[in-house]
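The primary structure of each chain is shown beneath.
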Amino acid sequence: MSDHGMMEKEEIFSKVLRAGRRTYFFDVRATKAGDYYLTITESKKFTNEDGSFHYKKHKIYLYKEDFTEFNEILIEMTDYIISEKGDEVISERHQKDFKKDDYSAPDDVTEGGASVDDSDESAEKFTDINFEDI
């Protein structure tokens, strides 16, 4: 087995965050020189038409020299989202068991004040990015 393969197997410290269909793995690993770095892996479960399932994984390697700036930007971005949209998970409104009583906006208006038709139109403007292509 190559050194890279051995390096991938050596986990110094690990944590797992399960979040619905997604699971996040945070793993501290060692470089050949004995220094540490962090890998963050998102694993998402997909169900095939025949009922079987598969996982898609995306991995980020984060090295110590980038920790400070990465952490500052992560905190800035998460604080911005919470200050702009609050803690409520808006996608929960689209789940089958969502109770309309918990949501007070009229049927034809989204939280931002746009009509449902406008939000559908703006959703078409987004580009679907496959991280495997990057």
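Please read these numbers as outputs of a predicted model, since none were measured by experiment.

Here is what the cut-offs are and how they apply
- Residues numbered from 1 in each chain as written.
- Predicted model: local features only at pLDDT ≥ 70, side-chain atom pairs only at ≥ 80, totals over all residues.
- Heavy atoms only, no water.
- Helix = DSSP H or I, 4+ residues; strand = E, 2+ residues; numbered from the N terminus.
- Buried < 20%, exposed > 50% of the residue type's maximum accessible area, 1.4 Å probe, protein only.
- Patch = residues over 30% accessible without salt bridge, like charges linked within 9 Å, V, L, I, M, F, W, Y side chains within 5 Å.
- Areas by Shrake-Rupley, 256 points an atom, 1.4 Å probe, with all protein chains shown as cover.
- Salt bridge = Lys/Arg side-chain N within 4 Å of Asp/Glu carboxyl O.
- Pairing = 2+ DSSP bridges.
- Axes fitted to C-alpha atoms, helices over the stretch in contact; angles between N-to-C directions.
- Contact = heavy atoms within 4.5 Å.
- Phe/Tyr/Trp six-rings, centres within 6.5 Å; stacked < 30°, edge-to-face > 60°.
- Lys NZ or Arg CZ within 6 Å of the ring centre and 35° of its normal.

A. Structural context of the overall build of the protein. The secondary structure content of the protein amounts to 3 helices and 4 strands. Overall, the protein shows an N-to-C arrangement of helices and strands of α-β-β-β-β-α-α. Expressed as a percentage of its 134 residues, the buried residues of the protein come to 13%.

B. Structural view of a nonpolar patch on the surface. On the surface, a nonpolar cluster with roughly 300 Å² of combined accessible area is contributed by Ile12, Phe13 and Tyr36. The topology assignment puts Phe13 in strand β1 (residues 11–19).

C. Broad picture of the sheet that holds strand β3 (residues 36–47). Strands sit in the order β1-β2-β3-β4 across an open sheet of 4 strands; the sheet is antiparallel. Of all the strands in the sheet, just β1 and β4 (53–63) have a single pairing partner and so form its edges. When strand polarity is set aside, the average angle formed by the axes of neighbouring strands in this sheet is 15°. Direction of pairing for β1 relative to strand β2 (residues 22–30): antiparallel, over a ladder of 8 bridges. In the strand pairing of β2, Leu17 is matched with Tyr24. Helix-sheet contacts for helix α2 (residues 64–85) involve β3 and β4, and the interaxial angle to β4 is about 100°.

D. The pairing of β3, seen in detail. Strand direction decides the pairing type here: β2 and β3, joined by 9 bridges, are antiparallel. Within β3, the residue paired with Arg29 across the bridge is Tyr37. Taken together, β2 and the strand that follows it, β3, pair antiparallel across an intervening segment of 5 residues, in which Gly34 is found at a positive phi of about 90°. The loop that links β3 with its antiparallel partner β4 comprises 5 residues; one of these, Gly51, has a positive phi angle of about 95°.

E. Local environment of the side chain of Thr23. Mapped onto the fold, Thr23 is located in strand β2. What Thr23 contacts, discounting residues up to four positions off in sequence, is Val16, Leu17, Arg18, Thr41, Glu42 and Ser43.

F. Structural context of the packing of aromatic side chains. For the structure on display, the rule yields 3 aromatic pairs. Ring centres of Phe53 and Tyr55 lie 5.8 Å apart, and the angle between their planes is 85°; on these two criteria the pair is classed as edge-to-face. Judged by relative accessible area, Tyr55 falls into the partly exposed class, the value being 45%. Each member of the aromatic cluster is reached from another via a ring pair, and the members are Tyr37, Tyr61 and Tyr63. A cation over an aromatic ring shows up here: Arg21 above the ring of Phe46, its NZ or CZ 5.3 Å from the ring centre. Looking at Lys56, its charged tip hangs above the ring of Phe46, at a distance of 5.1 Å from the centre.

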